[in-house]
Amino acid sequence: MLKSFILDDEQHAIDLLTDYIERTPNITLVGSDVSPLSALKSISSLTPDILFLDIDMPQISGMDFLKIINENIFVVLTTGHTEYAIEAYTLDIADYLLKPISYDRFATCCQRLTKKISEHHKNKPEQHQDFFYIQSDIKSKMIQIVMDELYYVQSLNNYVILYHQSDKIIAYLTLKEMEQFLPADRFSRIHKSYIVNDSKIKTIEMGHVILHSKPVVALPIGLKFHDPFFAKIQKLLLRRGSKDNIIPGKPGKT
């Protein structure tokens, strides 16, 4: 069952999509909000598979909201305007629903998403898989990467650098492809340019993660990735007394 969330500043639009979701198999509604600011926290904690996102909202536009949420969410934009379509698809959205939205169009969207998300999960490594291979710059050569020995991955235009325990390896892949492949319970996207192995983090301080490495490496935590990352870390935080989670101050915009 796919989890969905609705963000729209008009309640009647939320009510319509809620009704559509209730009529559609394989999808459930885990939450909705009329405020982008409060929705950001809910989305981080509820981790929906699909976000139905309105574009025209007063606090922050859907286009801007799209740029700060977790990239693992499949976003469906909902709007009464066609002029955003080209820009929207450059941001890798899953679909674009033009208001007024008919149920047939909504159902078609959900069918496509079910197939797309299923394929996405199939391409992820299994939980017990501890290594994978990448193609080297020599076409006939493949290099094995042991996940426990991978410290972090850095974006380099259309390439990535994998900082391995014994070496650093350049691969013709994008950071998004690496993020989609690596298991989310072991690796975190913390910045537009970095994915880190959670088990290699020594400390988190001053808007950076410090790694168990020689020499010591400090990687910045980007604003866009701050809330999802700390929501994940809070679940592993052992503390005495209050059960309330306190998220450290956000870093500067990156």
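What counts and how
- Residues numbered from 1 in each chain as written.
- Predicted model: local features only at pLDDT ≥ 70, side-chain atom pairs only at ≥ 80, totals over all residues.
- Heavy atoms only, no water.
- Helix = DSSP H or I, 4+ residues; strand = E, 2+ residues; numbered from the N terminus.
- Buried < 20%, exposed > 50% of the residue type's maximum accessible area, 1.4 Å probe, protein only.
- Areas by Shrake-Rupley, 256 points an atom, 1.4 Å probe, with all protein chains shown as cover.
- Pairing = 2+ DSSP bridges.

**Some words on the overall build of the protein chain**
Across its full length, the protein chain holds 7 helices and 15 strands. When each of the 254 residues of the protein chain is scored for burial, the buried share is 43%. Here the protein chain displays about 14400 Å² of accessible surface, and carbon together with sulfur accounts for 54% of that area.

**Some remarks on the pairing of strand S3 (residues 50–54)**
Taking burial as the measure, the 5 residues of S3 include 5 buried ones, the bulk of the element. Side chains Ile-50, Phe-52 and Asp-54 project from S3 onto one buried face, and the interleaved Leu-51 and Leu-53 project onto a second face that is buried too. Two strands pair when backbone bridges link them, and strand S1 (residues 2–7) and S3 are joined in this way by 4 bridges, in the parallel orientation. Bridge pairing in S3 places Leu-7 opposite Leu-53. The pairing of S3 with strand S4 (residues 74–79) spans 5 bridges and is classified as parallel. For Leu-51, the partnering residue across the bridge sits in S4 and is Val-75.

**So, unusual backbone geometry**
Of note, the amide linkage connecting Lys-99 to Pro-100 takes the cis form, showing an omega dihedral of -5 degrees. Checked against the element boundaries, Pro-100 lands in the loop between strand S5 (95–98) and helix H5 (103–122). Cis geometry marks the peptide bond from Lys-214 to Pro-215, where omega comes out at 0 degrees. Relative to the elements of secondary structure, Pro-215 occurs in the loop between strand S14 (208–211) and strand S15 (218–220). Positive phi, close to 55 degrees, is recorded for Asn-157, a residue that is not glycine. By the element assignment, Asn-157 lies in the loop between strand S8 (150–156) and strand S9 (159–164).

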